Amino acid sequence: MRNQIRRRGTRRNPIRRRDTVSEIPDELLLTILSFLPSKDVVVTSAISKRWKSLWKEVKTFRYDDPYPLPFNMFTLFIRSRSSVDILQLKLSPGFSRTDINPLVNDAVARSLRELRIEMLYISFELPQCLYFYPQLETLILQKLSLVNIPSNVSLIGVKKLHILSVRFLSDESVIKLLSICPLLEDLVVRRSLYTNVMIFTIDVPTLKNLYIYNSWKSRPEGVHGFVVNAPSLRCFYIKDSFSNYLRFGNMPELVKASVNIVCDQPEDILGSLASTRYLSLCLQSPYLPLATSFLFLDQLELHSCPSQWCNLLKDAPILRVLKLYQKHSQSNDVTDSWNQPISVPECLMSHLEIFEWRHYNGTAQEREAAKYILGNASCLKKASFYSKSARKHDILKELESVERGSKTCMLVFE
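Criteria and cut-off values
Residues numbered from 1 in each chain as written. Predicted model: local features only at pLDDT ≥ 70, side-chain atom pairs only at ≥ 80, totals over all residues. Heavy atoms only, no water. Helix = DSSP H or I, 4+ residues; strand = E, 2+ residues; numbered from the N terminus. Buried < 20%, exposed > 50% of the residue type's maximum accessible area, 1.4 Å probe, protein only. Contact = heavy atoms within 4.5 Å. Areas by Shrake-Rupley, 256 points an atom, 1.4 Å probe, with all protein chains shown as cover. Phe/Tyr/Trp six-rings, centres within 6.5 Å; stacked < 30°, edge-to-face > 60°. Lys NZ or Arg CZ within 6 Å of the ring centre and 35° of its normal. Pairing = 2+ DSSP bridges. Axes fitted to C-alpha atoms, helices over the stretch in contact; angles between N-to-C directions. Core = buried A, V, L, I, M, F, W, Y, C linked by side-chain atoms within 4.5 Å. Salt bridge = Lys/Arg side-chain N within 4 Å of Asp/Glu carboxyl O. Expected span 1.5 Å × (residues − 1). Parallel < 35°, antiparallel > 145°, perpendicular 65-115°, else oblique. Left-handed = near helix turned anticlockwise from the far one by under 90°.

Draft legend 1. The overall build of the protein, seen in detail. What the protein contains, in helices and strands, is 12 helices and 21 strands. The buried share among the 414 residues of the protein stands at 49%. In the protein, 52% of the contacts between residues at least 6 apart in sequence involve partners at least 24 apart. With the model as given, the accessible surface of the protein reaches about 20900 Å², and the carbon-plus-sulfur share is 51%.

Now the structure itself:
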């Protein structure tokens, strides 16, 4: 019996642990490796036989300073590669264009498609090899001071441009940079405390997607903001609580817009967005204009808006989805004051199918607005209310008793 017990104790577990890493396909591993500094990518060659040559297929190369590998060694490493798709450089103030240009030249010679340079506000001049080079599709400039944009040159292949906290010689330098990108389709602009441009003018007829982030800690002195003229724009995102000058041209091709701004003249802004089908609006303004018609608007998300927000229902005749995001910490919540429309908006009578209300607290004004929408939305399929109030049970019970205009409407409480 003692021998039997000993044998049972030494029996090996028949269940083997799965080697989940070995099951990951090469394509996914290469994607993961592309996010690592190149020195770390090379080190993976010691993991196993499979990894010994896998790192050589990585086409993204990244240098972060301070870096254990000297910069000249990294340059030699790039020269040893047959192909360089993406080059990412994060450099300290000790670097100059005599260090950078040869490296970028080598990458261009190896079919460079994307270049990202971050330089902690060192003066930087675009390498000459980038001009008239058709294969460069993406250029990302971050935390650098861009100088000396030549005349009669072109970034002929660039379709995606990111300008992230970049300093320029003048406001006109921004216009000049954008003008030498004849195929530009995607533009990302981030302004910060270090940005010296006052009026950022974006006049790009080919632009399809525009993302603007203004992250100043406080409003600077003087006139500052954005002028946008992009008639081919399809997707527009702006988050800017600090600019005091915003001018947007007509956007007849616009499909999706997300606007979070402080604005004294909202009629100019909303008029430019009239063609959009999806609108997310957080508008800190004393009023809403009455003259803007959103004839194509299918989905509307309202965050913080003046009390006349119900006018938007009248101006959006085919609205199908309405979402309200209540923020009680702000002074102009979407339902601070409910002004019932004189006549029932067309969208409620014939189009609205989905209604969602986040942070519903059941105040008197909120109840009136909810009762009006539920009672008049004759095509409503689903109405969802989300509440964190201590009176949540009573609040939702009140809504359950509201007469609904749609007999097939499903009421959801969370």
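Draft legend 2. Focus on the packing of aromatic side chains. Per the stated rule, a full pass over the model turns up 13 aromatic pairs. Measuring from centroid to centroid gives 4.9 Å for phenylalanine 71 and phenylalanine 95, while their planes differ by 65°, and the two rings are edge-to-face. Here the residue phenylalanine 71 occupies a position in helix H5 (residues 71–79), and phenylalanine 95 occupies one in the loop between strand E2 (86–90) and helix H6 (97–108), the gap between them amounting to 24 residues. In this structure phenylalanine 95 comes out as buried when scored by relative accessible area, which is 13%. Ring geometry for phenylalanine 355 and tryptophan 357: centres 6.1 Å apart, planes at 70°, overall edge-to-face. Judged by relative accessible area, which is 0%, tryptophan 357 ranks as buried. Three or more aromatic residues joined by ring pairs make a cluster, and in this case those are Tyr63, Phe71, Phe74 and Phe95. Above the plane of the ring of tyrosine 213 lies arginine 190, whose end atom (NZ or CZ) is 5.8 Å from the centre.

Draft legend 3. The arrangement of the sheet that holds strand E6 (residues 145–146) in detail. Pairing within the open sheet is parallel, and its three strands lie in the order E4-E6-E8. In this open sheet, the two edge strands, each paired with only one partner strand, are strand E4 (123–124) and strand E8 (167–168). Taken together, the two bridges between E4 and E6 define a ladder with parallel strand orientation. Note on E6: the bridge partner recorded for phenylalanine 124 is leucine 146.

Draft legend 4. Here's a closer look at the sheet that holds strand E12 (residues 225–229). Reading across the sheet, the three strands line up as E10-E12-E14 and stay open at both edges, with parallel pairing between neighbours. Bordering the open sheet on either side are strand E10 (199–203) and strand E14 (245–248), each of which pairs with just one other strand. Averaged over all pairs of adjacent strands, the angle between strand axes in this sheet comes to 10°, irrespective of strand direction.

Draft legend 5. Region of the structure containing the environment of tyrosine 63. Structurally, the position occupied by tyrosine 63 is in strand E1 (residues 60–64). Residue tyrosine 63 is classed as buried on the basis of its relative accessible area, which comes to 2%. Remark: the alpha-carbon pair of tyrosine 63 and threonine 75, spanning 12 residues in sequence, is separated by 9.9 Å.

Draft legend 6. Representation of the nonpolar core within the structure. Counting 109 residues, the largest nonpolar core has Leu87, Ile202, Leu273 and Phe385 as the members making the most contacts within it. Residues contacting leucine 87, with those up to four places away along its chain left out, are Phe61, Phe74, Ile78, Leu103, Ala107, Leu112, Glu114, Leu115 and Arg116.

Draft legend 7. Highlighting unusual backbone geometry. Unlike most non-glycine residues, serine 111 shows phi in positive territory, near 65°. Within the element layout of this structure, serine 111 appears in the loop between H6 and strand E3 (114–118). When its relative accessible area of 32% is taken as the criterion, serine 111 is described as partly exposed. For serine 165, which is not glycine, the phi torsion reads 55° and is therefore positive. Within the fold, serine 165 resides in the loop between strand E7 (160–164) and E8. By relative accessible area, serine 165 is classed as buried at 7%.

Draft legend 8. Representation of the pattern of salt bridges within the structure. Here the structure, examined in full by the defined rule, presents 10 salt bridges. Arginine 320 is paired through a salt bridge with aspartate 298; the nearest N and O atoms lie 3.0 Å apart. Taken together, the residues arginine 320 in the loop between helix H9 (311–314) and strand E18 (321–325) and aspartate 298 in the loop between strand E16 (278–284) and strand E17 (299–302) connect sequence positions 22 residues apart.

Draft legend 9. Molecular detail of helix H11 (residues 364–376). Counted at 1.5 Å a residue, the expected span for H11 with its 13 residues is 18 Å, and the 18 Å between its end C-alpha atoms agrees. Buried residues belonging to H11 abut E18, helix H10 (346–350), strand E19 (354–358), strand E20 (382–385), helix H12 (392–400) and strand E21 (410–413).

Draft legend 10. Region of the structure containing the packing of H5 against H6. Axis separation between H5 and H6 bottoms out at 9 Å; the angle between their running directions is 15°. Viewed along their axes, H5 and H6 adopt a mutual orientation that is roughly parallel. Read as a crossing pair, H5 and H6 show a hand that is left-handed. Across from Phe71, Phe74, Thr75, Ile78 and Arg79 in H5, the residues of H6 making contact are Asp99, Pro102, Leu103, Asp106 and Ala107.

Draft legend 11. Inspection of the pairing of strand E15 (residues 256–262) at higher detail. In terms of strand pairing, strand E13 (residues 235–240) meets E15 through six bridges, oriented parallel. Considered in E15, the bridge of phenylalanine 236 is made with alanine 257. Pairing between E15 and E16: seven bridges, direction parallel. What sits directly across from serine 258, in E16, is serine 280.

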